[in-house]
Amino acid sequence: MNTILEVRDLVKRYPGFTLEHVSFSLEGGRITGFIGRNGAGKTTTLHSLLSFLAPDGGEIRFWGKDIREDELAIKQRIGFVSAGMNFYNKQKLMKITAITRSFYERWDEDVYRRYLSLFGLDEEKTPEKLSNGMKIKYMLALALSHGADLLILDEPTSGLDPVSREELLEIFLRLCDEGKTILFSTHITSDLDKTADNILYLAGGKLQAASSLKDFISSYRLVEYGREDPLASSPLLIGARRTKEGCSALIRAEDAEKLPLPARPVNLEEIMVHLEKEA
């Protein structure tokens, strides 16, 4: 397996919150979705990976190299895109690009021009004149122009309209076809249903799941029942939630035949909301 990133026992402590011994790895050429509710520790994890925060414990290795020992060389190969990133709103894109270009040894101007054209970006514009979707595309153009092999995306589709989201998802899939690796944090789980190969699920600072998306989804079923159903107290039911018609709960796939209730397949959002209810 072509391991791009390996995280072992990552710990970051704050008053009232601890990111606890998080361990996972990323395989090259794949999209890994990173999910969890607000406050679960996703951004803390991503910022720790990039040394924006100093972890309190653990080991982070990119391409087999410790981030603490080879940070500058490693960051030449990483592109970070976040919906929360800010630019100098009144500076033209060409000036922002000129500053960015100076930091990267592998900057390829031809690649940059190709993505400007592909994304329909005008360098004469300022960030304040760009839609959220165009800002994300500009950040992607910068990341891809310095030869980033790994893209770390923090909520890149947040606040985008459905058409813009679909356009970006198609771009992500094409990038993986070209051999890029993507770690993709989002609350929009349907985006991961469409793109992700693997999933990381974080809850309360603890990694609850790290597997292929297919295996994660296929390990659960959803059952629906009336509020007065005597089976509602079964310990096999996970994260029971009130619905318009009654209640719903997860059940592990191997337990589906142990209750006289119809069980159906689930999607990623249904799994997440029921597991969070359980937590």
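Just above sits the structure.
What you see is a predicted model, and the numbers here were worked out from it, not measured in a lab.

The rules we used
- Residues numbered from 1 in each chain as written.
- Predicted model: local features only at pLDDT ≥ 70, side-chain atom pairs only at ≥ 80, totals over all residues.
- Heavy atoms only, no water.
- Helix = DSSP H or I, 4+ residues; strand = E, 2+ residues; numbered from the N terminus.
- Rg over C-alpha atoms; globule rule 2.2 N^0.38 Å.
- Buried < 20%, exposed > 50% of the residue type's maximum accessible area, 1.4 Å probe, protein only.
- Contact = heavy atoms within 4.5 Å.
- Areas by Shrake-Rupley, 256 points an atom, 1.4 Å probe, with all protein chains shown as cover.
- Lys, Arg positive; Asp, Glu negative; His and termini not counted.
- Charge placed at Lys NZ, Arg CZ, Asp CG, Glu CD.
- Salt bridge = Lys/Arg side-chain N within 4 Å of Asp/Glu carboxyl O.
- Arc of directions from axis to C-beta.
- Polar contact = N/O pair within 3.5 Å; in protein donor to acceptor, adjacent residues only side chain to side chain.
- Pairing = 2+ DSSP bridges.
- Axes fitted to C-alpha atoms, helices over the stretch in contact; angles between N-to-C directions.

### A closer look at the overall build of the protein
Counting secondary structure elements, the protein contains nine helices and 14 strands. The C-alpha radius of gyration computed for the protein amounts to 21 Å, which stays within 12% of the reference 19 Å derived for 279 residues, consistent with globular compactness. Looking at the 279 residues of the protein, the share that counts as buried comes to 49%. Contacts in the protein between residues far apart in sequence, at least 24 positions, make up 69% of those at least 6 positions apart. Surface exposure of the protein reaches about 14,000 Å², of which carbon and sulfur atoms provide 48%. Positive and negative side-chain charges in the protein, numbering 37 and 42 respectively, have mean positions lying 4 Å apart.

### Concerning the pattern of salt bridges
As enumerated under the stated definition, the model contains 21 salt bridges in all. For Asp66, the salt bridge goes to Arg68, with nearest N and O atoms at 2.8 Å. Among the salt bridges present, the one from Arg101 reaches Glu109, with a minimum N-O distance of 3.1 Å. Each of Glu6, Arg8, Glu59 and Arg61 takes part in salt bridges that share partners, so that together they form one network.

### Looking at helix α4 (residues 109-119)
Along α4, the residues classified as buried are Val111, Tyr112, Tyr115, Leu116 and Phe119. Each buried residue of α4 sits inside an arc of 140 degrees when the element is viewed along its axis, so together they form one side. For α4, the exposed residues set more than 90 degrees away from the buried face come down to Asp110 and Ser117. By the N-cap criterion, in which a side-chain oxygen at the helix start approaches the backbone nitrogen of a residue two or three places on, α4 is capped by Asp108, the distance to Asp110 being 3.0 Å.

### Brief notes about unusual backbone geometry
Even without being a glycine, Asp9 presents a positive backbone phi close to 55 degrees. By secondary structure assignment, the location of Asp9 is in strand β1 (residues 3-14). In this structure, Glu155 takes a positive phi of about 55 degrees despite not being glycine. Position of Glu155 relative to the elements: it lies in the loop between β7 (150-154) and α6 (162-177).

### Some points on the sheet that holds strand β14 (residues 263-264)
With respect to topology, four strands assemble into an open sheet ordered β12-β13-β11-β14, the strand pairing being antiparallel. At either end of the open sheet lies a strand with only one pairing partner, and these are β12 (238-242) and β14. By the bridge criterion, three bridges tie β12 to strand β13 (residues 247-252) in an arrangement that is antiparallel. Note that in β13 the partner of Arg242 across the bridge is Cys247. Running at roughly 100 degrees to β12, helix α9 (residues 268-278) makes contact with β11 (220-225), β12, β13 and β14 of the sheet.

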